[in-house]
Amino acid sequence: MFRDRRVLTILNPASGGGSREDLVGSVELSLRAHGAARTESRITQGPEDAFAWAGAAADEGFDVVVVGGGDGTVTAASHGALRSGGGIPIGILPLGTGNGLARVLGLPLEPARTLDALASGRIVTIDAIDLPTHDTISLLFFGAGLDAKINRDADEGEKTRLGPFAYLKAAAKNLRRTRNCDLTLVVDSEERRLRGHSVSGFNATRLDVAGIPVGPDADPHDGRLNLTVFESRSYWRTLGQVLRLTNRAASRGDLELVRSLRLESVPPLPVQADGDVVGETPLEAQVLPRALRFIAAAEYAGDRGGAAS
């Protein structure tokens, strides 16, 4: 994948541990060992850097972009690449808490092994979800209500120490505070009015953990997003719905395949995209089929119908 190619590496120093100089050195050494014709590494000061650099990479003569960071950095860089045409392949160096898309694409989470997997990997195209009301995109999942509150309240220090388990505390707190509100939901041009407290959409959430298929059964290659609405204020019913969504097979009964939606709520609900709170409702979402090119592990089968079990 890297042989005779010009590779731009975009690194978020706030993700991962260790010295940034050591990280840059090891990444560039590995890329050259895999035959890269040219390497350049840039350190972000914020998500706007990842957006701008990935967006300009092809015009600057690069053939591949490697993004080192968490889900937010990957989304920002992908957004930039999308706005410039979406043609440049993106490789993920997972340095964050969740590393969701890296997991979906079958990549190992240790940087040295990840670069080896990218070098021998293959390019796949995935859908993106455009969120024009918030000037961003979603690759993994987005939502208004409960999931945004959980991501908002998860402690940064605990995320560093505990990884994904840090979200459990925030989830427990917010599950006990759910309050229904008036929702107006337009799904593929069909208007629905209902009472509920959360709306979530999933794009790429098929994960395998220790060989066990988990996560909502959302396929990032089918041109549709998977929608679920939380309507019950009951702690136990909401918890049950959340737990079903973590089971790939069980989640299917709670998911609706759609291509677009618009959500308004009274009062407004917080909105998150790929784990970052980006504002409040109203929220609009539109699937952009096969919008981006990513490097997956060579054995990745998600685009061949091999990950739906």
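Q: Just give me the short version of the sheet that holds strand β17 (residues 276-280), but keep the residues and values in it.
A: Strand order across the open sheet formed by six strands is β14-β13-β10-β7-β16-β17, with antiparallel pairing between neighbours. Among the strands making up the open sheet, the edge pair consists of β14 (256-258) and β17. Within this sheet the neighbouring strands show an average axis-to-axis angle of 25 degrees, counted without direction. Of the pairings in the sheet, the one linking strand β7 (residues 141-144) to strand β10 (residues 198-202) comprises four bridges and is antiparallel in character. Considered in β10, the bridge of Gly-143 is made with Ser-200. Strands β7, β10, β16 (270-273) and β17 of the sheet are contacted by helix α6 (residues 146-153), whose axis makes an angle of about 75 degrees with β16.

Q: Tell me about the side chain of Thr-178, residues and numbers included.
A: With respect to the helices and strands, Thr-178 occurs in the loop between α8 (166-175) and β8 (181-187). Of note is the side chain of Thr-178, whose polar atom sits 3.3 Å from the backbone oxygen of Arg-233. Excluding residues within four positions of it along the chain, Thr-178 makes contact with His-197 and Arg-233.

Q: Please provide a residue-by-residue account of the side chain of Thr-114, values included.
A: Secondary-structure assignment places Thr-114 in helix α5 (residues 111-119). Looking at Thr-114, the relative accessible area reads 0%, which means it is buried. Each residue touching Thr-114, except ones within four places of it in the same chain, is listed here: Ile-92, Leu-93, Pro-94, Pro-108 and Leu-109.

Q: Tell me what's going on with the pairing of strand β3 (residues 64-69), and back it up with residues and numbers.
A: The element β3 is largely enclosed, with a buried count of six among its six residues. Across five bridges, the pairing between strand β1 (residues 6-11) and β3 is parallel. Bridged to Val-7 within β3 is Val-64.

Q: Please set out the packing of aromatic side chains residue by residue, giving values where relevant.
A: On inspection of all chains with the given rule, the structure shows one aromatic pair. With a centroid separation of 4.9 Å and 85 degrees between ring planes, the pair formed by Tyr-235 and Trp-236 is classed as edge-to-face. Overall, the relative accessible area of 65% leaves Trp-236 in the exposed class. The cationic tip of Arg-176 hangs over the ring face of Tyr-235; the distance from NZ or CZ to the ring centre is 4.5 Å.

Q: I'd like a rundown of the packing of helix α2 (residues 47-56) against helix α3 (residues 71-83), residues and numbers included.
A: At a closest axis distance of 7 Å, the pairing of α2 and α3 adopts a crossing angle of 35 degrees. Helix-helix and strand crossings are classified by hand; for α2 and α3 the assignment is right-handed. Note on element contacts: α3 touches α2 through Thr-73, Ala-76, Ala-77, His-79, Gly-80, Ala-81 and Arg-83, opposite Pro-47, Ala-50, Phe-51, Ala-54 and Gly-55. A per-class count over the contact of α2 with α3 returns seven nonpolar, four polar and one charged.

Analysis parameters
- Residues numbered from 1 in each chain as written.
- Predicted model: local features only at pLDDT ≥ 70, side-chain atom pairs only at ≥ 80, totals over all residues.
- Heavy atoms only, no water.
- Pairing = 2+ DSSP bridges.
- Helix = DSSP H or I, 4+ residues; strand = E, 2+ residues; numbered from the N terminus.
- Axes fitted to C-alpha atoms, helices over the stretch in contact; angles between N-to-C directions.
- Contact = heavy atoms within 4.5 Å.
- Polar contact = N/O pair within 3.5 Å; in protein donor to acceptor, adjacent residues only side chain to side chain.
- Buried < 20%, exposed > 50% of the residue type's maximum accessible area, 1.4 Å probe, protein only.
- Phe/Tyr/Trp six-rings, centres within 6.5 Å; stacked < 30°, edge-to-face > 60°.
- Lys NZ or Arg CZ within 6 Å of the ring centre and 35° of its normal.
- Left-handed = near helix turned anticlockwise from the far one by under 90°.
- Nonpolar A, V, L, I, M, F, W, Y, C, P; charged D, E, K, R; others polar.

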